[in-house]
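# An overview of the molecular structure
One-letter residues, chain by chain:
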Amino acid sequence: MGLLSDPYRRRALSRLLLRLNTPLCIISFLVGLGWFLGLAFHPFTLRIYMSENAMGSTMVEEHFVHGERALSYAREFAGHKKKAGGMPVAWLEKTMWNLGLEVYKQSFSRTLPFPDEMRERYMVKGTNVYGILRAPRAASTESLVLSVPCSEGQQNNQAVGLMLALASHFRGQIYWAKDIIFLVNEHDLIGMEAWLEAYHDVNVTEVHSSGMLGRAGAIQAAISLELSSDIITSFDVAVEGLNGQLPNLDLVNLFYSFCQKNGLLCTIQGKLQRTDWDSLPAFVHSLQTMLLMVLKQGSGRPQGDHGLFLRYHIEAITLRGINSFRQYKFDMGMVGTTLEGMFRKLNNLLERLHQSYFFYLLPSLSRFVSIGLYMPAFGFLILILVLKALDLWMKLSRYDVDPDDRLCDGDQGPSLVALEDPKPSLLTLVPPLLICHATGLALYFVPILGQQVATQHFPVSESEAVVLTVIAIYVAGLALPHNTHRVLTGSGSDRGWMTLKLVSLLYLAMQLGCIALINFSLGFLLAVTMVPVAALVQPTGPKYVHPGAASCFPLCPHPTRTGLQRTGITRIAQGRGRGVSLPLLPLSSVLQLQGETEASQCCWEFAAALSCSQHVGEGGSCSLRA
């Protein structure tokens, strides 16, 4: 506290920060990027572990042996789907009923704002079919979900067959303490969202559905399955949900542990982890995996049907069977065994998954990066905005200091004309902030409204109308500096733009910090791209002139010289040294006389520079004051 209370030490500290501000910003940016890239290095990551004691993979024994039955169901389902031209609702209802499940169906429809890419349709209609296996030892207070999207063509037929085989196997067991819901949803994300909204009796996306006739308990966890081949070589897990949400890490660890137990190859982001973790290729491989996760999470788009469960606080993942050219092949029996083990462990849960991490990055399935390790990388980037804001605040505070105090020890003032600038009011910062927010709202709402207007009055498609509307908004934005300068009266001076940039930097730092807490990947990507630009941008113009250019001063008319005397400008010169370039006085701040010609106004600036340079001997400092 003594350092800040002492005016001389505080002044020395401010000079030090002003002098080292740019190097500190560069170092902070490089350290932030280096920290983030170093997260993929094996010694800097943490080994996965199971936080829930009830989810140890060695506490259950799997008995699923119905792989051939799963293939039989898959072939039968494919035949009925081809015959019906879509999802065979009647056949699914009949098959699930024969397996002993409570069968229900849900019809839904959704009006799209734009036509889809496949069939150019506005209205999407479909039907979800689900069966409920009631727990024989519980009162239907909790449940688990195994969902399979019904895709077009020959996609995902094996997943439906395996789901029906698992339902048949689970029906014969008596140890279930939670209801199990077997769901086949149509139209992927649209059908899944319609089912979830009806199940929780909400409507946030304006989906019209027939309602929910049968419900189970509160959903604790969900697994979405995607299989399109009779045999697989590996299992890929997708964790990124809507708006970058992630499931509890224990659910991912459960999947990895059962894959390890059954000898099933598992991947994340389509990449199989390497064993030579201490080599450079292994580091590059882990870095690529982590960057792919950051890009997908930053996009905000769910990478599977599981992403919609996360918005309802339901932990879920999507498992995709991959059939590549690897030599290891696994049949439906091995896949069913892995899923049976996962559901049996989830059945043992006494409460929701909450003990493990919800914020993490995965360079591999066996290692993870927690929030405490990757947030410092983001903090170093935000530190640049804080340093720049501190630099501007110190420069603004020095405007009110006496010039004699500023120039001691050879320190040069921020600007020759700074003392003539009026102190801007906070109300002058309101118009630019309102214009920026209005532009953002226009980019959010206008494309939809413009699409409706454009399709009614112009012969363009909906997708073309949206693109043309966005282009029109950006083109109109180019005219903002020209059309809004009249309302930005307080930001034209040096004090004005410094104050505006100070508020903008702090506002940007606050926004990026809030985004990073919700979606770190999006916040980090925005910080890497926006922070350098926000720190460097400032108004530019003809700010400097060499004293030799003042040689035209004798050519100036006589009123120029008298104008210098009438404004009461005095000279302060000290020191000796070589001649230096002097700051040029802005015309709008210096000229107080009226009726002068343009030639006289030009010589005003040269006269001020020359008047000061004549009193600087061999490199001393010079300042002008009224």
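What counts and how
Residues numbered from 1 in each chain as written. Predicted model: local features only at pLDDT ≥ 70, side-chain atom pairs only at ≥ 80, totals over all residues. Heavy atoms only, no water. Helix = DSSP H or I, 4+ residues; strand = E, 2+ residues; numbered from the N terminus. Buried < 20%, exposed > 50% of the residue type's maximum accessible area, 1.4 Å probe, protein only. Areas by Shrake-Rupley, 256 points an atom, 1.4 Å probe, with all protein chains shown as cover. UniProt positions renumbered as here; feature names shortened; annotations may be inferred. Bend = angle between axes of the 7 residues up to and from the residue. Axes fitted to C-alpha atoms, helices over the stretch in contact; angles between N-to-C directions. Parallel < 35°, antiparallel > 145°, perpendicular 65-115°, else oblique. Left-handed = near helix turned anticlockwise from the far one by under 90°. Contact = heavy atoms within 4.5 Å. Nonpolar A, V, L, I, M, F, W, Y, C, P; charged D, E, K, R; others polar. Pairing = 2+ DSSP bridges. Expected span 1.5 Å × (residues − 1). Phe/Tyr/Trp six-rings, centres within 6.5 Å; stacked < 30°, edge-to-face > 60°. Lys NZ or Arg CZ within 6 Å of the ring centre and 35° of its normal. Core = buried A, V, L, I, M, F, W, Y, C linked by side-chain atoms within 4.5 Å. Domains from an automatic or database assignment. Polar contact = N/O pair within 3.5 Å; in protein donor to acceptor, adjacent residues only side chain to side chain. Salt bridge = Lys/Arg side-chain N within 4 Å of Asp/Glu carboxyl O.

Here we come to the overall build of the protein. Tallying secondary structure elements over the protein gives 21 helices and 16 strands in all. Looking at the protein as a whole, 48% of its 626 residues are labelled buried. About 31200 Å² of surface is accessible on the protein, with carbon and sulfur atoms providing 60% of the total.

Before going further, it helps to spend a moment on the UniProt feature "transmembrane region" (unreviewed entry) in the protein. In the numbering adopted here, UniProt assigns the feature "transmembrane region" (unreviewed entry) to residues 20-41, 368-390, 426-446, 466-484 and 504-537. Regarding residues 20-41, the helix share stands at 82% and the strand share at 0%, and the terminal C-alpha atoms are separated by 31 Å. Across residues 368-390, the secondary structure splits into 87% helix and 13% strand, with the terminal C-alpha atoms separated by 36 Å.

As a further point, take helix H14 (residues 430-457). Residue Val446 marks the point of greatest curvature in H14, where the axis turns by about 40°; the proline Pro447 follows within four residues. Among the residues of H14, Pro432, Pro447, Gly450, Gln451 and Ala454 are the ones counted as buried.

Moving on: the packing of helix H6 (residues 157-171) against helix H11 (residues 332-347). Running from amino to carboxyl end, H6 crosses H11 at an angle of 55°, the nearest separation of the two axes being 11 Å. It follows that H6 is oblique to H11 by the angle criterion. The hand of the H6/H11 crossing is right-handed. Each of Gln158, Leu162, Leu166, His169 and Phe170 in H6 lies in contact with H11, whose residues at this interface are Met332, Val335, Gly336, Leu339, Glu340 and Phe343. In terms of residue class, the contact of H6 with H11 is built from seven nonpolar, three polar and one charged.

On the basis of which strands lie adjacent, the open sheet formed by nine strands has the order S6-S2-S3-S5-S4-S7-S10-S8-S9 and mixed pairing. On the outer flanks of this sheet lie strand S6 (208-209) and strand S9 (266-268), each paired with one strand and no other. Across six bridges, strand S7 (residues 218-226) lies against strand S10 (residues 315-322) in parallel orientation. Looking at the pairing, Leu225 lines up with Leu319 of S10. Contacts from helix H8 (residues 249-262) reach S7, strand S8 (234-238), S9 and S10, with the element oriented near 35° to S10.

A sheet is described by the order of its strands in space; here three strands give the open sequence S1-S12-S11, paired in antiparallel fashion. In the strand order of this sheet, the two ends are held by strand S1 (46-47) and strand S11 (360-361), each with one partner. Two elements, S11 and strand S12 (residues 367-370), share two bridges in a ladder whose sense is antiparallel. Along S12, the bridge assignment pairs Leu361 with Val369.

Let's shift gears to the packing of helix H12 (residues 371-397) against helix H18 (residues 520-536). At a minimum axis separation of 10 Å, H12 and H18 run at an interaxial angle of 25°. Relative to H18, the element H12 is oriented roughly parallel. In this structure, H12 crosses over H18, and the sense of that crossing is left-handed. Within the contact between the two elements, H12 uses Tyr374, Met375, Ala377, Phe378, Leu381, Ile384, Leu385 and Lys388 and H18 uses Phe520, Gly523, Phe524, Ala527, Val528, Val531, Ala534 and Ala535.

Here H18 contains 17 residues, and its C-alpha end-to-end distance of 24 Å stays within 8% of the 24 Å for a straight helix at 1.5 Å per residue. The largest bend in H18 comes to about 35°, at Met530, with the proline Pro532 one to four residues further on. Every buried residue of H18 is listed here: Phe520, Ser521, Gly523, Phe524, Ala527, Val531, Ala534 and Ala535.

Ring pairs (aromatic) are described by centroid distance and by the angle formed between their planes. Within this structure, the stated rule accounts for 18 aromatic pairs. Arranged with centres 4.8 Å apart and planes meeting at 85°, the rings of Tyr444 and Phe445 form a pair that is edge-to-face. Exposure remark for Tyr444: the relative accessible area of 62% places this residue in the exposed category. For Phe445, a relative accessible area of 46% puts it in the partly exposed group. Taken together, the ring pairs connect Phe170, Tyr175, Trp176, Phe182 and Phe343 into an aromatic cluster. Arg344 extends its terminal NZ or CZ atom over the ring of Tyr175, reaching a point 4.2 Å from the ring centre.

Membership of the largest hydrophobic core comes to 105 residues, with the highest contact counts inside it found for Leu162, Leu225, Phe255 and Leu319. Broken down by element, the residue count for this core peaks at eleven residues, all from H12. The residue makeup of this core includes at least three contributed by each of domain 1 (7-36 + 375-612) and domain 2 (53-365). For Leu225, the residues in contact, after removing those within four places along its chain, are Leu146, Ser147, Val148, Pro149, Asn156, Ala159, Leu162, Phe235, Leu319 and Leu339. By size, the runner-up hydrophobic cluster in this structure holds 20 residues, among which are Ile132, Met192, Ile219 and Phe309.

This paragraph deals with the side chain of Glu62. Within the secondary structure, Glu62 is located in the loop between S1 and helix H4 (67-84). In terms of polar contacts, Glu62 uses its side chain to reach the side chain of Lys261, at 3.3 Å. Ignoring anything within four residues of it in the chain, the contact list for Glu62 reads Phe258, Lys261, Asn262, Thr337, Glu340 and Gly341.

The next subject is the pattern of salt bridges. One pass over the structure, following the stated rule, counts seven salt bridges. Its salt-bridge partner being Arg134, residue Asp179 comes within 3.3 Å of it at the nearest N-O pair. One end of the pair, Asp179, is in strand S5 (residues 179-186); the other, Arg134, is in the loop between strand S3 (123-133) and strand S4 (142-150), with 45 residues separating them in the sequence. A salt bridge links Glu142 to Lys178; the shortest N-O distance between them is 3.3 Å. Of this pair, Glu142 sits in strand S4 while Lys178 sits in the loop between H6 and S5, and the two are 36 residues apart along the sequence. The class of Glu142 is partly exposed, set by a relative accessible area of 21%.

By the bridge criterion, five bridges tie S8 to S10 in an arrangement that is antiparallel. Residue pairing for S10: Phe235 is matched across the bridge by Gly321.

Turning our eyes to something else, we now look at the side chain of Asp179. On the basis of relative accessibility, which here comes to 1%, the residue Asp179 falls in the buried class. Polar side-chain contacts of Asp179 include one of 2.8 Å to the backbone nitrogen of Ala135. Excluding anything up to four places from it in sequence, Asp179 contacts Ile132, Leu133, Arg134, Ala135, Ser140, Glu142, Ser143, Leu144, Ala216 and Gly217.

For His354, the position within the fold is in the loop between H11 and S11. For His354, a relative accessible area of 41% gives the class partly exposed. Here the alpha-carbon distance between His354 and Asn248, two residues 106 residues apart in the chain, equals 6.9 Å. Apart from the residues within four sequence positions on either side, His354 is in contact with Glu52 and Asn248. In terms of polar contacts, His354 uses its side chain to reach the backbone carbonyl oxygen of Arg352, at 2.8 Å.

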